[in-house]
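Chain and residue survey
Now for the letters of each chain:
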Amino acid sequence: MSSFTIYPAIDIRGGRCVRLIQGDYNQETVYNDDPVAVATDFTVKGAQYVHLVDLDGAKAGHPVNHELIGRIANAVSVPVQVGGGLRTLADVENLLNLGVSRVIIGTAAIEDREFTESVLGTYGNRVAIGIDARNGLVATRGWLETSEVKAEVLAKELAAKGAETFIFTDISRDGMMQGPNIDAIAAIAQASGKQVIASGGVTVLDDLVKLAARRAEGISGAIVGKAIYTGNIDLELALRTIQ
């Protein structure tokens, strides 16, 4: 059976580890002032991968916390993936040179197809496409704007251009602790024929069990953020249960 990876998440804003509700920058909770320590703790508990988001970068349209991200990548012994504000090949190369294993292209996948296809052509499986959807339509710019592009259509088009991994977020579920939209995630996997990582809404261990049960359909992992910080999900127990 194909594997299923749990990605504990660190959202970085102002150099600190925070969480937003539905991407709203006015609804922020600070969980820790030291993201490097948080990442290290995740790996001590057994995490095989760490997910990082540069929230300042997502809003600014270019990486902001790259120095800190580089420190995290070098402090942990497992791969890290990073998203937030990647719009140029130089930004992508800089993060990969800092020790990041995989970059996530989000807004640019909609707004700059030439750049996206160039990155996929150059770096292949070191690139994941982040698809954030609101009512089935792709949202961009840190979720501040909604496009007219259907999530499944975008996934299918970019899979044809070399995308191997997608990260799908149903914005309505993010930070709301209501469980993930599993059928929508599976639909992206089916449309693209590629691996999809679930993001947003994972609230309790049973959510991860349900997602992992559908790994044969292409759901290859899940990003878990708020539920770990609030104690709803015990990371060590989740890793033992799923992996």
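The structure displayed is predicted, hence computed values, not measured ones.

1. Topic: the side chain of Asp 11
Examined against the element boundaries, Asp 11 turns out to sit in strand E1 (residues 5-13). Residue class for Asp 11 comes out buried when judged on its relative accessible area of 9%. A polar contact is formed between the side chain of Asp 11 and the side chain of Arg 19, at a distance of 2.7 Å. Not counting residues within four places of it along the chain, the set of residues in contact with Asp 11 comprises Arg 16, Cys 17, Val 18, Arg 19, Val 53 and Leu 55.

2. Section: the nonpolar core
Across soluble globular proteins, you tend to see nonpolar side chains buried next to one another. Counting residues in hydrophobic clusters, the biggest one holds 67 residues, and the most contacted among them are Ile 10, Ile 129 and Leu 208. If sequence neighbours within four positions are ignored, Leu 208 has contacts with Phe 4, Ile 6, Val 202, Ala 222, Val 224, Ile 233, Ala 238 and Ile 242. If you look at the next biggest cluster of nonpolar residues, it comprises eight residues, including Ala 9, Ala 128, Ile 167 and Ile 223.

3. Focus: the UniProt feature "active site" (unreviewed entry) in the chain
In the numbering adopted here, UniProt assigns the feature "active site" (unreviewed entry) to Asp 11 and Asp 132. Note on placement: Asp 132 falls in strand E7 (residues 127-134). Judged by its relative accessible area of 18%, Asp 132 falls in the buried class.

4. A closer look at the side chain of His 51
Its place among the elements puts His 51 in strand E4 (residues 50-54). Non-local contacts of His 51, meaning those with residues more than four positions away in its chain, are made with Tyr 7, Pro 8, Ala 9, Ile 10, Gln 81, Ile 104, Ile 167 and Ile 223.

5. Overview of the pattern of salt bridges
Taken as a whole and assessed by the stated rule, the structure comprises nine salt bridges. Across the pair Asp 33 and Arg 16 runs a salt bridge whose closest N-O atoms are separated by 3.8 Å. Residue Asp 33 is located in the loop between strand E3 (24-32) and helix H1 (35-44), and its partner Arg 16 is located in strand E2 (residues 16-21); the two are separated by 17 residues in the primary sequence. Its salt-bridge partner being Asp 183, residue Arg 214 comes within 3.0 Å of it at the nearest N-O pair. Remark: Asp 183 occurs in helix H8 (residues 182-192) and Arg 214 occurs in the loop between helix H9 (205-212) and strand E12 (219-224); sequence separation between them is 31 residues. What emerges from the salt-bridge pattern is a single network uniting Asp 183, Arg 214 and Glu 217.

6. Observations concerning the packing of H1 against helix H3 (residues 66-75)
Interhelical geometry of H1 versus H3 gives an angle of 25° and a closest axis separation of 9 Å. Between H1 and H3, the interaxial angle falls into the category roughly parallel. Classified by chirality, the crossing of H3 by H1 is right-handed. Of the residues in H3, those in contact with Pro 35, Val 36, Ala 39 and Thr 40 of H1 are Leu 68, Arg 71, Ile 72 and Ala 75. Here the residues of the contact of H1 with H3 sort into six nonpolar, one polar and one charged.

7. Some details on the packing of aromatic side chains
The geometry of an aromatic ring pair comes down to the distance between the two centres and the angle between the two planes. This model, assessed by the stated rule, comprises three aromatic pairs. Taking 5.0 Å as the distance between ring centres and 55° as the angle between the ring planes, the aromatic pair formed by Tyr 7 and Tyr 49 counts as tilted. In this pair, Tyr 7 is assigned in strand E1 and Tyr 49 in the loop between H1 and E4, connecting sequence segments 42 residues apart. The structure contains a cluster of three or more aromatic residues connected by ring pairs, namely Tyr 31, Phe 42 and Tyr 229.

8. Examining the pairing of E12
Most of E12 sits out of view: six of its six residues are buried. In this sheet, E12 lies alongside E1 in parallel orientation, the contact comprising four bridges. Among the inter-strand pairings, Tyr 7 is bridged to a residue of E12, identified as Ile 223. Relative to E12, strand E11 (residues 195-199) runs parallel, the two sharing four bridges. Bridge pairing in E12 places Ile 197 opposite Gly 221. Following the chain from E11 across H9 to the adjacent parallel E12, one finds a crossover that is right-handed.

9. Let's talk about unusual backbone geometry
One non-glycine residue, Asn 135, lies in positive phi territory at about 55°. Looking at the secondary structure, you find Asn 135 in the loop between E7 and strand E8 (137-140).

Cut-offs and rules
- Residues numbered from 1 in each chain as written.
- Predicted model: local features only at pLDDT ≥ 70, side-chain atom pairs only at ≥ 80, totals over all residues.
- Heavy atoms only, no water.
- Helix = DSSP H or I, 4+ residues; strand = E, 2+ residues; numbered from the N terminus.
- Buried < 20%, exposed > 50% of the residue type's maximum accessible area, 1.4 Å probe, protein only.
- Polar contact = N/O pair within 3.5 Å; in protein donor to acceptor, adjacent residues only side chain to side chain.
- Contact = heavy atoms within 4.5 Å.
- Core = buried A, V, L, I, M, F, W, Y, C linked by side-chain atoms within 4.5 Å.
- UniProt positions renumbered as here; feature names shortened; annotations may be inferred.
- Salt bridge = Lys/Arg side-chain N within 4 Å of Asp/Glu carboxyl O.
- Axes fitted to C-alpha atoms, helices over the stretch in contact; angles between N-to-C directions.
- Parallel < 35°, antiparallel > 145°, perpendicular 65-115°, else oblique.
- Left-handed = near helix turned anticlockwise from the far one by under 90°.
- Nonpolar A, V, L, I, M, F, W, Y, C, P; charged D, E, K, R; others polar.
- Phe/Tyr/Trp six-rings, centres within 6.5 Å; stacked < 30°, edge-to-face > 60°.
- Pairing = 2+ DSSP bridges.
- Right-handed = clockwise from strand over helix to strand, strands pointing away.

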